Amino acid sequence: MDLYFVLESLSRLQRPGEAAFIVSATLAEDVRLTPFRKILIESASQVQCYTLPAGVFGNEAEVQSYLLIARFRRMRGSATVTVGRLVGEDFVVAEERTISAEAAIARLDLGYHKFLDLNNTLKSKSGTRTLGELGAQIVRGSRSHLQFVELNIPHFHTSDFPREGGRVRFDNAGISDFQLACTGDILVPRVGTRCLDRHALVTDGQRPYTEAVYRLRLPTAQAKRVSAWIGSDAGTEWRRSAAKGACAKHLTVSALMQMPVPAR
C-alpha cells in the first residue's frame, strides 16, 4: 500500500516539484523494492530519507518508519542522496550523510550503512573471527515465558537479563525436557528492542530459558573472552545494528553466526 500510494502520488507530481512521505521500513530496506529505489534515484534530482523516532506514532506503538523526500527537476538525472536520523518531538536532524546512488539503491536507511562501516572495521582487525568460525552453537529456548509460567517452571527470560555485570547464577534443578542454559553458556536476547543491548554469562548451575533468548555455547577457552566482547560497547552496538524488524527488533541465528570477534 505504501508503494502504491507513493507511485500514484509521484505520477501526478508536476516537474519541477517535490514530495514528502512518511513510509514504512519496507520502502527503505526491503530487497524486493530495489527496483523502486533505482527508479526513484535515477529520476529525481535529490532524495532524502530520515529515520523517524520509534515512538513517533505514540508511546503505545514502536514502529520503524521513515520520512522520504524527493525533489525533481524538469530533466531526469541521478539524484544526490542523503540518509539520516531525526530525534525528539521537533524532529531535529541528529545524524546525516551523503551516500552513493548504488548504496542508496541497496538500502535507504542510515542504520544499515553505519552497520556496514562497523562490520567492515571489525573484520579488518588482525585475528578477527566470526562466532561461526569460533565453533559457536546458537540455540533458541524451548517455550514462551507464558508457557513456563503456566507450567510453574523456573526459567530465564529477557526480563531477567542483568542491567550491569552480565553474570547470572542458577540452581541445578534443570529439567531435561527443555533446552538448558548451563555453566559457561552465554545468553543474549533474541527479540526485544529495549533489551537487545544486554547479555549474561552463566557462572553456575543450569535453568531452562525462553524462546525469546538465545544460548551461545562455545569451547571453554573462548567463552569468557567472547562474553566480554559481546558486552563491550562495540559488541553491543553491533548486535543493535544487526537486529531486524519494523516493530519489535530481533536477531537471527545467521546474523549472530557472522558476528566478528576480534582477537583482543
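All values derive from a computational prediction rather than experimental measurement.

*Asks:* Quick rundown of the pattern of salt bridges? Include the residues and the values.
*Replies:* Summed over the entire model, instances satisfying the criterion amount to 14 salt bridges. For the salt bridge of Arg140 with Glu211, the shortest nitrogen-to-oxygen distance reads 3.8 Å. One end of the pair, Arg140, is in strand 7 (residues 137-140); the other, Glu211, is in the loop between strand 12 (206-208) and strand 13 (213-217), and 71 residues separate them in sequence. A relative accessible area of 29% places Glu211 in the partly exposed class. Residues Arg207 and Asp171 are paired through a salt bridge, measuring 3.7 Å at the closest nitrogen-oxygen approach. Remark: Asp171 occurs in the loop between strand 8 (167-169) and strand 9 (180-182) and Arg207 occurs in strand 12; sequence separation between them is 36 residues. Classification of Asp171 by relative accessible area gives partly exposed; the value is 41%. One connected set of salt bridges, linked through shared partners, spans Arg85, Glu95 and Lys114.

*Asks:* Requested: an account of helix 5 (residues 110-123), with residues and values cited.
*Replies:* Spacing of three or four residues puts side chains on the same side of an α-helix, whose turn is 3.6 residues. Compared with an ideal rise of 1.5 Å per residue, which puts 14 residues at 20 Å, helix 5 spans 20 Å between its outermost C-alpha atoms and is within 8% of the ideal. Taken as a whole, helix 5 has its buried residues at Leu110, His113, Phe115, Leu118, Asn119 and Leu122.

*Asks:* Pulling in residues and values, what's your account of unusual backbone geometry?
*Replies:* With an omega of -5°, the peptide bond running from Arg15 to Pro16 counts as cis. In this fold, Pro16 is placed in the loop between helix 1 (2-11) and strand 1 (17-24). Although it is not a glycine, Phe91 sits at a positive phi angle of roughly 55°. Topologically, Phe91 is positioned in the loop between strand 4 (80-87) and strand 5 (92-99).

*Asks:* Talk me through the packing of helix 5 against helix 8 (residues 233-242); I want residue IDs and the actual numbers.
*Replies:* Across the interface, helix 5 lies against helix 8 with an axial gap of 10 Å and an inter-helix angle of 135°. Here helix 5 is positioned oblique relative to helix 8, judged by the angle of their axes. Relative to helix 8, the crossing made by helix 5 is left-handed. The residues of helix 8 that touch helix 5, namely those facing Phe115, Leu118, Asn119 and Leu122, are Ala234, Glu237, Trp238, Ser241 and Ala242. In the contact of helix 5 with helix 8, the residues fall into six nonpolar, two polar and one charged.

*Asks:* Go over the sheet that holds strand 10 (residues 186-189), please, and point to the residues and values.
*Replies:* Spatial strand order, 7-13-10-11-8: five strands in an open sheet with mixed pairing. Every interior strand has two partners, whereas the edge strands, strand 7 and strand 8, have only one. Between one strand axis and the next, the sheet turns through 30° on average, direction left out of account. The pairing of strand 10 with strand 11 (residues 200-204) spans two bridges and is classified as antiparallel.

Parameters at a glance
Counting of residues starts from 1 at the beginning of each chain's written sequence and follows it residue by residue. Residues qualify for local features only when their pLDDT is at least 70, as the model is predicted, and side-chain atom pairs are given and counted only at 80 or more; totals for whole chains, interfaces and linings, by contrast, use all residues. Only hydrogens and water are removed before side-chain values are computed, so all heavy atoms of the structure are retained for them. A pair is scored as a salt bridge if a Lys or Arg side-chain nitrogen falls within 4 Å of a carboxyl oxygen belonging to Asp or Glu. The helix count covers DSSP runs of H or I at least four residues long, the strand count covers runs of E at least two residues long, and both are numbered beginning at the N terminus. Three exposure classes are used, based on accessible area relative to the maximum for each residue type with a 1.4 Å probe and protein chains only: buried under 20%, partly exposed in between, and exposed over 50%. To estimate the expected span of a helix, count its residues, drop one, and scale the result by 1.5 Å. Every axis in this analysis is a line fitted to C-alpha atoms, fitted for helices over the stretch in contact. Angles between the N-to-C directions lie between 0 and 180 degrees. Any angle from 65 to 115 degrees is called roughly perpendicular, while one under 35 is roughly parallel, one over 145 is roughly antiparallel, and all others are oblique. Note: crossing handedness is left-handed where the near helix turns anticlockwise from the far helix by less than a right angle, and right-handed where it turns clockwise. Any pair of residues with heavy atoms lying within 4.5 Å of one another is described as a contacting pair. Charged residues are taken to be Asp, Glu, Lys and Arg, nonpolar residues to be Ala, Val, Leu, Ile, Met, Phe, Trp, Tyr, Cys and Pro, and polar residues to be all remaining types, Gly included. Think of it this way: DSSP has to see at least two bridges between two strands before they count as a pair.

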